[in-house]
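# Per-entry structural report
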Amino acid sequence: MTPEIDAVRALEVLDSRGDPTVRVTVESAGRFTVPAGASTGSHEASERRDGGDRYGGRGVREAVAAVEGEIAGAVVGRAVDDQAGLDAALRDLDGTDDLRRLGANAVLGVSGAALRTAARVAGRPLYAHVARLAGDDESVNVNDLARTDISVPMPMINVVSGGLHAGGGVPIQDVLVVPVGAPDYPTALEWAWEVRRAVRERIVADGHRPLVADEGGFSPPSVERPADAFELVRDGIAGAGFDPGAGGDLALAVDVAATHFHDPERGAYDLGDGDPLAPEAMVERALEWVERYPIVSVEDPLAESDWAAWARFRERAPDDLQVLGDDLLVTDPERLDRALDRGAANAVLVKPNQAGTVTRALAVCRRALAAGCNPVVSARSGETCDATIADLAVGTGAGQIKVGSLARSERLAKYNRLLAIDDATDAPLARFEAPPGPGSR
Ligand code: 2PG
Ligand code: MG
C-alpha cells in the first residue's frame, strides 16, 4: 500500500538573517525550511508575514497556523509519492494565482517536506527521487543513476556583494566566479576558495576589514562602482595564479539585480555614478562590462518590467553570453515562454519559493531544458541549512547552481551536500555551455 501523509507540523524558526521563516515536517518524516529573498521580484509567489510588532512584522505564525490547520486538513491521508497531485491540491485550496491567501511560504513548506518524505519512504537519495519526478519517466532506473545521466551542477560562487544584500555600497548585487575550466566539482570549489582568499588579502592590504554581506560575499568600501568589483574579482583570479576567462580557468558572472535601482516612474536606472540611465544607456553600460571583463553570465541586467530593453540587450550581446532572468521570470513557466518568444533571455533562475511548489519549479527546469535554455537553480539571500536545492539541481540536470559565497553555514550546507553527492556518485561536473545565440528558437 502506498504510504500516506500522517500529520503535518510547522514551526516558526529563524533564517540566516535572523528573520522568521516556516519549517514544515511531514510525518514520517521529511522536513523542509522555506528560504526568503531580499531582492524579490514583484511577480513572485507571495509569502505570508504576520505584520504587527513581532519581528518587525516579519513573523510567520499565521503561515504556520495555515499549515497545521487548513492545509493539514486537506493533505493528511494523501499518498506521499503523488507530488504533482499534492501540489495541484495545494494550489486549488489556496485559490489565488500567487498563493497569497495561505501564503507561498506555507504552501512551499508542505510541498518541500512532502518531497523529502517521499524520497525517504522510497529509500532513494533525494536527487534520484527528483530525477524521477523531473523526467516524468517511469523507465528511469533511479537506482542506477550514478552510471547514467546525472551531473553535479557548475557552481556560480559569489565573491563580492552589493545592492540590497550589502546595505548599500555598489548597486549591483553579486560579482561571482564560475570555475569553467575545473575538471571536477571538488576542484571547482578549491579554485573558487583560492580566488576568494586572494580577494580577501587584497581588501585587507588596502586597509579594509573583510566583512561579509548576506550571502557571504565581501563588500569593502573600496568598491564604489561596478567596475571596481569586476576588477577586484578578475585580479583575484589572476592573483591566485589562474587564467581568467571563458576559455580559461575561472570566468566572471554578475547579478546586476537592476530592478532594485530602477525607477519605474521615470524609467531610469540609478547606478549612483552620474545621471540615471535611460534603458538604452543601461543596455550600453551592461554591454560595456561584458566587453571589458571576462564575464560569461549576466543576470537581471534590466528591470523586471523592461521587456523591450531585455530583448535589445540580448540582440546586441555576444552569442555565447548567458543572459539570465531572475526578477523577470520569477520561476514562472508562462513568463519563461514569453522570454523565449521575445528572445529576452537564454537562461532562467529557478527558485522554488518564487514558484510556490516543487512541481512548478520542476516544470520550469523541464521547459527550459527542452527549449535549449539554461536553468540555474538558486538559493535566496535568506536561507537555512536546508540543502534540498542541491539535490534539486542534480536531479533535474539543471547544470548550474548559485547559492552564495564560500562562507556562512547556510551556504556551505548546499556546497557540502554537492560534495557528498559527488563522492557518492562520481557524477561529472556539468560543463558551462554557451547557450544558443539569439534567434535560435
Ligand atoms: C538573487 C537572489 C539570490 P534574493 O537575486 O538572485 O542571490 O537574491 O534572494 O535576495 O532575491
Ligand atoms: Mg538575482
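Residues numbered from 1 in each chain as written. Chains lettered and ligands numbered in written order. Predicted model: local features only at pLDDT ≥ 70, side-chain atom pairs only at ≥ 80, totals over all residues. Heavy atoms only, no water.

### Digging into the overall build of the protein
A count of helices and strands for the protein gives 13 helices and 13 strands. Considered along the principal axes of its C-alpha atoms, the protein spans approximately 60 × 50 × 45 Å. Per-residue burial for the protein yields a buried fraction of 59% across its 441 residues. Partitioning the intrachain contacts of the protein with sequence separation of at least 6 by distance along the chain shows that 69% fall at a separation of at least 24. Looking at the protein as shown, the accessible area adds up to about 16700 Å², and 45% of this sits on carbon and sulfur atoms. A distance of 3 Å separates the average location of the 46 positive side-chain charges in the protein from that of its 70 negative side-chain charges. (Helix = DSSP H or I, 4+ residues; strand = E, 2+ residues; numbered from the N terminus. Buried < 20%, exposed > 50% of the residue type's maximum accessible area, 1.4 Å probe, protein only. Contact = heavy atoms within 4.5 Å. Areas by Shrake-Rupley, 256 points an atom, 1.4 Å probe, with all protein chains shown as cover. Lys, Arg positive; Asp, Glu negative; His and termini not counted. Charge placed at Lys NZ, Arg CZ, Asp CG, Glu CD.)

### What to know about the packing of helix H2 (residues 83-94) against helix H3 (residues 104-122)
Packing of H2 against H3 leaves a shortest axis separation of 10 Å and a crossing angle of 165 degrees. When the interaxial angle is binned, H2 and H3 end up roughly antiparallel. Relative to H3, the crossing made by H2 is right-handed. Of H3, the residues touching H2 (which contributes Gln83, Leu86, Asp87 and Leu90) are Val107, Val110, Ser111, Ala114 and Leu115. Taken together, the residues of the contact of H2 with H3 sort by class into six nonpolar, two polar and one charged. (Axes fitted to C-alpha atoms, helices over the stretch in contact; angles between N-to-C directions. Parallel < 35°, antiparallel > 145°, perpendicular 65-115°, else oblique. Left-handed = near helix turned anticlockwise from the far one by under 90°. Nonpolar A, V, L, I, M, F, W, Y, C, P; charged D, E, K, R; others polar.)

### Some thoughts on the pattern of salt bridges
The full count for this structure, using the stated rule, is 30 salt bridges. Of the charged contacts in the structure, one is a salt bridge between arginine 9 and glutamate 68, with a shortest N-O distance of 3.1 Å. One end of the pair, arginine 9, is in strand S1 (residues 7-14); the other, glutamate 68, is in helix H1 (residues 61-75), and 59 residues separate them in sequence. Residue class for arginine 9 comes out partly exposed when judged on its relative accessible area of 46%. For glutamate 68, a relative accessible area of 33% gives the class partly exposed. (Salt bridge = Lys/Arg side-chain N within 4 Å of Asp/Glu carboxyl O.)

### Details of the sheet that holds strand S12 (residues 374-378)
One closed barrel accounts for eight strands, arranged S4-S5-S6-S9-S10-S11-S12-S13; its pairing is mixed. Averaged over all pairs of adjacent strands, the angle between strand axes in this sheet comes to 30 degrees, irrespective of strand direction. In the sheet, strand S5 (residues 174-178) pairs with strand S6 (residues 251-255) via five bridges, with the strands oriented antiparallel. By the bridge assignment for S6, valine 178 is matched with alanine 251. Helix-sheet contacts for helix H5 (residues 185-205) involve strand S4 (154-161) and S5, and the interaxial angle to S4 is about 10 degrees. (Pairing = 2+ DSSP bridges.)

### What to know about the pairing of strand S11 (residues 347-350)
Every second residue of S11 is oriented toward a common face, with Ala347 and Leu349 on one face and Val348 and Val350 on the other, all of them buried. Note: strand S10 (residues 322-325) against S11, two bridges, orientation parallel. Looking across to S11, one finds that glycine 325 is bridged to valine 348. Where the polypeptide runs from S10 across helix H9 (residues 333-342) and back to S11, its parallel neighbour, the crossover connection is right-handed. With four bridges joining them, S11 and S12 adopt parallel strand pairing. Its bridge partner lying in S12, alanine 347 is registered against asparagine 374. (Right-handed = clockwise from strand over helix to strand, strands pointing away.)

### Section: the coordination of the magnesium ion (ligand 2)
Looking at the magnesium ion (ligand 2), the protein donor atoms are Asp255 (OD), Glu299 (OE) and Asp326 (OD), and they sit 2.0 to 2.3 Å from it. Considered as a linear motif, the donors of the magnesium ion (ligand 2) on their single chain read D-x43-E-x26-D. Linking aspartate 255 in strand S6 with aspartate 326 in the loop between S10 and H9, this pair joins segments that are 71 residues apart in sequence. Take aspartate 326: its relative accessible area is 2%, and that puts it in the buried class. (Donors = N, O, S within 2.8 Å, 3.2 Å for Na, K, Ca; no water.)

### Focus on the sheet that holds strand S3 (residues 30-33)
Strands sit in the order S1-S2-S3 across an open sheet of three strands; the sheet is antiparallel. A single partner strand is all that each edge strand has here, and the edge strands are S1 and S3. This sheet shows a mean twist of 20 degrees between the axes of neighbouring strands, independent of strand direction. Sheet topology places S1 next to strand S2 (residues 20-27); eight bridges connect them, and they run antiparallel.

### Notes on the domain arrangement of the protein
The domains assigned to the protein are domain 1 (8-123) and domain 2 (154-425). Around 2500 Å² of area is buried between domain 1 and domain 2 when both sides are counted, 52% of it from carbon and sulfur atoms. The three residues of domain 1 that bury the most area against domain 2 are Ser16, Ser39 and His43, which together make up 22% of that side's buried surface. A salt bridge links arginine 380 to glutamate 44; the nearest nitrogen and oxygen atoms lie 3.1 Å apart. Across the domain 1-domain 2 interface, the total number found is 19 residue pairs in polar contact (both at pLDDT 80 or more). Sort the elements by how many residues they give to the side of domain 1 that touches domain 2 and H3 lands first, with seven residues. Residue composition of the side of domain 1 that touches domain 2, by class: 13 nonpolar, 12 polar and seven charged. (Domains from an automatic or database assignment. Buried area = accessible area lost by both parts, 1.4 Å probe. Polar contact = N/O pair within 3.5 Å; in protein donor to acceptor, adjacent residues only side chain to side chain.)

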